[in-house]
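Structural features, examined
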Amino acid sequence: MIKLEKALKNLGLTKSFYDELKAELDTEKLVAENGLIASTKEDVTDEVNQLDAEIEKADENDESEVDMKYISPTMKGVYK
């Protein structure tokens, strides 16, 4: 461990940075060897709670609907 600390010091790196980098590399290796685990509803709920986000109801007015009387003839051709 002393050799590691000396090497990190010589490189101008901290032990916490090394630990974080090692954890990222271990995660990448695990995912590469085993693939991703399917997320569950509980995972999504946890993420929403951490983000302090609100789940909105679906908008009844679909934004992809276009009122053809308000667009130019050129754009009408795109939708036909």
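Structure shown above.
These remarks concern the structure in this document.

Parameters and conventions
- Residues numbered from 1 in each chain as written.
- Predicted model: local features only at pLDDT ≥ 70, side-chain atom pairs only at ≥ 80, totals over all residues.
- Heavy atoms only, no water.
- Helix = DSSP H or I, 4+ residues; strand = E, 2+ residues; numbered from the N terminus.
- Buried < 20%, exposed > 50% of the residue type's maximum accessible area, 1.4 Å probe, protein only.
- Areas by Shrake-Rupley, 256 points an atom, 1.4 Å probe, with all protein chains shown as cover.
- Salt bridge = Lys/Arg side-chain N within 4 Å of Asp/Glu carboxyl O.
- Patch = residues over 30% accessible without salt bridge, like charges linked within 9 Å, V, L, I, M, F, W, Y side chains within 5 Å.
- Lys, Arg positive; Asp, Glu negative; His and termini not counted.
- Charge placed at Lys NZ, Arg CZ, Asp CG, Glu CD.

Attention now moves to the overall build of the protein. Regarding its fold elements, the protein presents 4 helices and 0 strands. Helices and strands appear in the protein in the N-to-C order α-α-α-α. The buried share among the 80 residues of the protein stands at 2%. Accessible surface computed for the protein: about 8,100 Å², of which carbon and sulfur atoms make up 54%.

What follows covers the pattern of salt bridges. Counted according to the given criterion, the structure contains 2 salt bridges. Of the charged contacts in the structure, one is a salt bridge between Asp-19 and Lys-15, with a shortest N-O distance of 2.9 Å. With a gap of 4 residues between them, Asp-19 and Lys-15 both fall in helix H2 (residues 15-34), about one helical turn apart.

A few words on a negative patch on the surface. Taken together, the side chains of Glu-42, Asp-43, Asp-46 and Glu-47 define an acidic patch exposed on the protein surface. Residue position: Glu-42 is located in helix H3 (residues 41-51). A residue is classified by how much of its surface remains accessible, and Glu-42, at 58% relative accessible area, is exposed.

Here the focus is a nonpolar patch on the surface. On the surface, Leu-11, Leu-13, Phe-17, Leu-21 and Leu-25 cluster together to form a nonpolar patch covering roughly 470 Å² of accessible area. When you line up the elements, Leu-13 lands in the loop between helix H1 (2-11) and H2.

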